[in-house]
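Coordinates in review
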Amino acid sequence: DKIFSVPDFVGDACKAIASRVRGAVAGHSFDEFHKHSAKLIRTAIFGLDEKGKIRNRFIFSQNKLVITNIDIQSVEPVDSRTRDALQKSVQLAIEITTKSQEAEARHEAERREQEAKGRLERQKIEDEAEAEKARTNLLKLQAESAAVESTGQATAEAKARADSAQIEAEAKVDQSRLSSEAEKIKAAAELAQLKARQESEIKHQKLLNELEISRARDLAAIESSKFKRIVDTIGSTTLKDIAAAGPEMQLQLLKGLGLKSFMITDGNSPVNLFNTAGGLIGANVGQ
């Protein structure tokens, strides 16, 4: 029965939770809260134990009400301009990251293709050298066979021709070997040059991407700060005048201040922050 000793225990629990969440949000930057919103909200509601871990319950001592878990369905700014700017910033960051990964993959594929071409060309040169060696051995065997069959002058002529062919073949082998080494050096130099150029392009692209992300984040922060300055500039006196004025006067004041809508409340008329913002946004969309 003690839980019902507080008349509006659900409303009191909502106000207590909302107060803790507002306090937690006020102590962090927008970018930090956007990245770790779920953890920050749970920490604000349940608190941390001695080991720095989030507790698993929130107890109301007045009526022994215990909250053991919360379901965070969504976290988004109430101001439509700030929300649109944030969405554009996130989409732009995703697009930039995707393009950077595509460019890096394309450069890697080109590098592998160049390496494959270099290996193929080197293998071709080595095969030609081996073929030339085989032809040299064939000529040598043919010369020896002719020397055995012939006698006298024929033997001398055959041997002379064989020696000449052997010298010519050895010269071709040396030429092929030197050409192979030259092609290896050339391929290695081209590969090193291509790798250095690709690394430079990737580094340059990454710097450009970081600048774009920083620019988008700064624009979102400027939009949020601009709306806060407008609200601070209005002041409590102007808000009271708007609340006390009639509908036509409120419309004129809002147009003069550059506002489309507003809401004023106090501690005597609490607002459910979990549902009111969604209802207002839905109502504006329907109108």
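Scroll up to find the structure.
Below: a short report on this structure. (Residues numbered from 1 in each chain as written. Predicted model: local features only at pLDDT ≥ 70, side-chain atom pairs only at ≥ 80, totals over all residues. Heavy atoms only, no water.)

1. Thoughts on the pattern of salt bridges
Let me state the cut-off plainly: The working definition used for a salt bridge is a side-chain nitrogen of Lys or Arg within 4 Å of a carboxyl oxygen of Asp or Glu. Working definition: helices are DSSP H or I runs of at least four residues, strands are E runs of at least two. Numbering for both runs from the N terminus. When accessible area is computed with a 1.4 Å probe and restricted to protein chains, residues below 20% of their type maximum are described as buried, those above 50% as exposed, and intermediate ones as partly exposed.
This model, assessed by the stated rule, comprises 12 salt bridges. The shortest N-O distance in the salt bridge between E113 and K117 comes to 3.6 Å. Placement of both E113 and K117 in helix α4 (residues 80–149) is noted, with a separation of four residues, approximately one turn of the helix. Assessed through its relative accessible area of 48%, K117 is described here as partly exposed. Look at the salt bridges and you will find they share partners, linking E108, R111, R112 and E115 into a network.

2. As for the packing of helix α1 (residues 9–26) against helix α3 (residues 37–46)
Filter applied, for reference: Angular values range over 0 to 180 degrees, each being the angle between N-to-C directions of two axes fitted as lines to C-alpha atoms, with helices fitted over their stretch in contact. Every angle not falling under 35 degrees, over 145, or within 65 to 115 is termed oblique; those three ranges are roughly parallel, roughly antiparallel and roughly perpendicular. Each helix crossing is assigned a hand: it is left-handed if the near helix lies turned anticlockwise from the far helix by less than a right angle, otherwise right-handed if that turn is clockwise. Contacts are residue-level and defined by heavy atoms, with any inter-residue pair within 4.5 Å sufficient. Side-chain classes are defined by residue name, with Ala, Val, Leu, Ile, Met, Phe, Trp, Tyr, Cys and Pro counting as nonpolar, Asp, Glu, Lys and Arg as charged, and the others, Gly among them, as polar.
As a packed pair, α1 and α3 sit with axes 8 Å apart at the nearest point and diverge in direction by 125°. Between α1 and α3, the angle falls in the class oblique. Regarding α1 and α3, the two cross each other, and that crossing is right-handed. Within the contact between the two elements, α1 uses I17, R20, V21 and A24 and α3 uses L40, I41, A44 and I45. Considered class by class, the residues forming the contact of α1 with α3 number seven nonpolar, no polar and one charged.

3. Looking at a negative patch on the surface
Here is the rule we go by: Two joining distances apply to patches: 9 Å for like charges and 5 Å for nonpolar side chains (Val, Leu, Ile, Met, Phe, Trp, Tyr), and every residue must have over 30% relative accessible area and no salt bridge. Every accessible area reported is derived by Shrake-Rupley at a probe size of 1.4 Å, with residue values counting cover from the shown protein chains alone. In this charge count, Lys and Arg are treated as positive and Asp and Glu as negative; neither His nor the chain ends contribute. Charged groups are reduced to one reference atom each: NZ for lysine, CZ for arginine, CG for aspartic acid, CD for glutamic acid.
On the surface, E121, D127, E128, E130, E183 and E190 cluster together into a patch of negative charge. If you list the elements that add at least two residues to the negative patch, you get α4 and α5 (153–244). Broken down by element, the negative patch gets its largest block of residues, four residues, from α4. On the secondary structure map, D127 appears in helix α4.

4. Some remarks on the nonpolar core
Under the convention used in this document: Each nonpolar core is a collection of buried residues, namely Ala, Val, Leu, Ile, Met, Phe, Trp, Tyr and Cys, held together in the definition by side-chain atoms within 4.5 Å.
In terms of nonpolar packing, the biggest core is built from 13 residues, with I45, F58 and I67 touching the most fellow members. Counting residues per element, the ones that place at least two in this core are α1, α3, β1 (58–60) and β2 (65–67). Per-element accounting of this core gives the leading share, four residues, to α3.

5. A short note on the packing of aromatic side chains
The criterion, for reference: Any two of the Phe, Tyr and Trp rings considered here, Trp counted by its six-membered ring, make a pair once their centres fall within 6.5 Å; the pair's planes then place it as stacked at under 30 degrees, edge-to-face at over 60, or tilted in between.
On inspection of all chains with the given rule, the structure shows one aromatic pair. Ring geometry for F58 and F60: centres 4.6 Å apart, planes at 45°, overall tilted. When its relative accessible area of 8% is taken as the criterion, F58 is described as buried. Given a relative accessible area of 11%, F60 falls into the buried group.

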